[in-house]
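# Observations on the three-dimensional arrangement
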Amino acid sequence: MLHYRSLLRCCRPNGQRIAVTSVLPGHHRSRTVKKYSTRDGDYMQDSILPTMHFQDGLPRLPIPKLEKSCQRYLASQRPMLNDEEYERTSKLVKEFEEKEGQDLQKELKAQDRQNKHTNYCSGLWFNMYLRDRRPVVLNHNPFMGFRDDPRPEYNEPVLRASNMIVAAMQYAKTFRANRLEPEVYHLNPAKSDTERFRKIASWIPSRFAAYYAIMNKAFPLDMSQYPRLLNSTRIPMLEQDELYNKPTARHMLIMKNGNFYVFDTFDKDGNILPHSEIHAHVKHIYEDQTPQPDHPLGYLTAENRDTWARLRKHISDTSDSNRDALDLIDTASFCLCFDDVAPTEPVEMTEAFLYGDGANRWFDKSFQLFIAKNGLMALNFEHSWGDGVAVLRFLNETHKLTTERPPITAGSSPATVDSSSAVSLLKFDLDDKAKEGINEAKRSYDERTSQVSVKANMYDKYGKNLIKKAKLTPDGIMQLSFQMAYHKLTGGKVTGSYESCSTAAFKHGRTETIRPATVQTLEASRAFSKGSGVSNSEKMGLLQACSEKHGTLTKEAAMGQGWDRHLFTLRSLAEKHGQNLGIFADPAYSRINHIHISTSSIFSPAVLGGGFAPVVPDGFGLGYFPEEERLLVGVTAYPGSLNLDDFVDCIAESWDEIHEVITGAE
């Protein structure tokens, strides 16, 4: 087992591997490139600020004060508990705060001082993902859909795939050459999003540059996840998986009809191959008629992680060619999957891109790019290595390039090259044990994915423009609507709810939890109930209170001042010492962490939509997108969940009721 402190050391930005054991045999066999050329056409940007300029000086994620986390935890519990339950939980929390929590907090601070290269919960967070033995599909991997190119001819699958591959290679070269713009959130763009700011910042030593940026209301974001975006994979191992990254590999992986194709995208000097050649290779693969293998290996990446670990080792040990083929899959830039479907509406898109055809998937790759027959495109990513910030940057940059300055123009002819010799079709030697494992993986995959239900609502009565005009926050109002809907559906209940918030403003920051169910949302939900007798003006005041409270919770979470990660870490320390503490044994703790309403949203003009599965068997997974003039939500559920159709209808009803109050107050 990998101990906490040693894992923290492995998570340094320069580390290529988080591993339990040594590199798997065969990893040295991938095609590699020793250097990167300076050919300007290969680069997406040429930032005067080096990409990682701010990284060394990023502030460290603060450890919240124990008493503050306890207060915030109780505030989240209050709307979920009756008076008797709340009194019991309050006593347990007070006992923890005054006794065992003090020692655990001191230990956590001491541990944090010894690991200044990272933050206090980074190692445990990696462990949480990598030790989870459940399949990654549905349990962890989300998807994001790209908006179509406004020019229909550029959505033709071969052209769109070719342009995306070139764009991804340019992104990779730009990042690795330190020429990609650093990720910075500009609170005052007129002051900081300028050439003058960049020049001054570039003159300041790296370890101090972040402080200069923050003084100018520009907040550099952590980029330690970015190196694992490309040429990376999650490798199944018994008990705990590994993350493997080989940035010198120079080949690409495409899947079609369950078959694996690889070809080089860089030459031996590190130059991106001529775009017309890449176009030719992609066209060759797309038109290839090789039938689907009788036993498609991709299903195994959706298996239980220990089951997959044993079968992968068995397959790898069967022959050198198997080992080499797995290595080429692992080290490829990313996996592009040509799908034989043409989704046209949100439910079909979710079914295709959240899971889709398991024969034509490799869920272990850092990300997969799916391209449907109609050119619709989405990205599905493995979650252990990183979060939405790194993935969204890649999506935004590649979408911008391919729609504004496409490397290959419509009507261009692919190069006249022998793609049959440049493209390799990977083959596997499978014995009866491997075949039976794949058959079982397929049965399991089909059964699990068939249980996912999806419902979407595109509501066009109003959007975030009207919400902002009423001086309310769109995210706060969306979250309130979900609480109101659940309240309607269950006859007045409040449940464990989750909204993800990035902590990328801190070194190695990942996420903190916003707890959207509050005393304010409960009061508003009751007021909006039929027959409440509450006036519209009073309801407007409640909307304002909910909006303000949600804004406060969001700011606290973004600044590392939520309670979830802190208590998660203290609980892990207690378990390491064999302590069974009352605060964590309390049924209320289990109840608030049984997330019936799991939500996430991404705000980008390049994103068409996205989604994920529920995090508990009886919950809902909500991907939501408040646009200027409409509200969108996609909801997933399992058979154990409450009625999905009714829940989505209750959300729409809540939007109607909020609209009535807002417009009545104008």
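Summary of the structure given here. (Residues numbered from 1 in each chain as written. Predicted model: local features only at pLDDT ≥ 70, side-chain atom pairs only at ≥ 80, totals over all residues. Heavy atoms only, no water.)

### Concerning helix α11 (residues 305–318)
With 14 residues, α11 ought to run about 20 Å at 1.5 Å a step, and its terminal C-alpha atoms sit 20 Å apart, in line with that. Of the positions making up α11, those classed as buried are Arg305, Asp306, Trp308, Ala309, Leu311, Arg312, Ile315 and Ser316. Against the buried residues of α11 lie β5 (232–235), α12 (320–331) and α16 (432–450). The N-capping residue of α11, defined by a side-chain oxygen 2.9 Å from the backbone nitrogen of Asp306, is Asn304. (Helix = DSSP H or I, 4+ residues; strand = E, 2+ residues; numbered from the N terminus. Expected span 1.5 Å × (residues − 1). Buried < 20%, exposed > 50% of the residue type's maximum accessible area, 1.4 Å probe, protein only. Contact = heavy atoms within 4.5 Å. Polar contact = N/O pair within 3.5 Å; in protein donor to acceptor, adjacent residues only side chain to side chain.)

### A short note on the state of the cysteines
Evaluation of the coordinates by the stated rule reveals zero disulfides. Unpaired in terms of disulfides, Cys546 finds its nearest cysteine sulfur in Cys650, a separation of 17 Å. Cys650 gets classed as buried once you look at its relative accessible area, which sits at 11%. (Disulfide = S-S within 2.5 Å.)

### Some details on the pattern of salt bridges
Within the structure shown, the criterion is met by 45 salt bridges. Arg151 is the partner of Asp149 in a salt bridge, and the nearest nitrogen-oxygen pair spans 3.0 Å. According to the relative accessible area criterion, Asp149 is buried, its value standing at 6%. Sharing partners across several salt bridges, the network here consists of Arg133, Arg234, Asp241, Arg305, Asp306, Asp364 and Glu382. (Salt bridge = Lys/Arg side-chain N within 4 Å of Asp/Glu carboxyl O.)

### Focus: the environment of Asn536
Examined against the element boundaries, Asn536 turns out to sit in helix α20 (residues 536–558). Along the sequence, Asn536 and Glu660 sit 124 residues apart, while their C-alpha atoms lie 8.4 Å from each other. Among residues more than four places away in sequence, those in contact with Asn536 are Glu660 and Val661.

### Considering the pairing of strand β19 (residues 631–637)
Successive residues of a regular strand alternate their side chains across the two faces of the sheet. Among the seven residues in β19, six count as buried, and that is most of the element. In this structure, strand β13 (residues 453–459) lies alongside β19, joined through seven bridges in antiparallel fashion. Each residue of the ladder has a partner; that of Lys455, found in β19, is Val635. Pairing of strand β18 (residues 620–626) with β19, which is carried by seven bridges, proceeds in the antiparallel orientation. The residue of β19 that forms the bridge with Phe620 is Ala637. Here β18 folds back onto β19 in antiparallel fashion, the turn holding four residues. (Pairing = 2+ DSSP bridges.)

### As for the packing of aromatic side chains
One pass over the full model with this rule turns up 23 aromatic pairs. Residues Phe620 and Phe647 carry aromatic rings whose centres are separated by 4.2 Å and whose planes lie at 10° to one another, so their mutual orientation is stacked. In this pair, Phe620 sits in strand β18 while Phe647 sits in helix α24 (residues 644–665), placing the two residues 27 residues apart along the sequence. Each member of the pair Phe620 and Phe647 is classed as buried. An aromatic cluster is defined as three or more aromatic residues linked by ring pairs; in this entry it consists of Tyr73, Phe96, Trp563, Phe584 and Tyr589. Sitting over the face of the ring of Phe528, Lys539 holds its NZ or CZ atom 5.0 Å from the ring centroid. (Phe/Tyr/Trp six-rings, centres within 6.5 Å; stacked < 30°, edge-to-face > 60°. Lys NZ or Arg CZ within 6 Å of the ring centre and 35° of its normal.)

### Notes on the sheet that holds strand β17 (residues 607–611)
Within the open sheet, the eight strands sit side by side as β12-β8-β7-β9-β10-β11-β2-β17. Their pairing is mixed. What marks the edges here is a single partner per strand, and that holds for β12 (424–426) and β17. This sheet shows a mean twist of 25° between the axes of neighbouring strands, independent of strand direction. Strands in contact with helix α14 (residues 388–404) are β2 (143–146), β10 (367–371), β11 (377–381) and β17; relative to β2, the strand with the most contacts, it is inclined by about 15°. (Axes fitted to C-alpha atoms, helices over the stretch in contact; angles between N-to-C directions.)

### Things to note about a positive patch on the surface
On the surface, Lys65, Lys68, Lys109, Arg113 and Lys116 cluster together to form a positively charged patch. Residue position: Lys68 is located in helix α2 (residues 66–77). (Patch = residues over 30% accessible without salt bridge, like charges linked within 9 Å, V, L, I, M, F, W, Y side chains within 5 Å. Areas by Shrake-Rupley, 256 points an atom, 1.4 Å probe, with all protein chains shown as cover. Lys, Arg positive; Asp, Glu negative; His and termini not counted. Charge placed at Lys NZ, Arg CZ, Asp CG, Glu CD.)

### Notes on helix α9 (residues 206–215)
Taken as a whole, α9 has its buried residues at Ala209, Ala210, Tyr212 and Ala213. Summarising the axial view, the buried residues of α9 lie within an arc of 160°, below the 170-degree limit, and thus occupy one face. Relative to its buried face, α9 has exposed residues pointing more than 90 degrees away, namely Arg207 and Met215. Of the surrounding secondary structure, the elements contacted by the buried residues of α9 are α8 (195–203) and β4 (218–220). (Arc of directions from axis to C-beta.)

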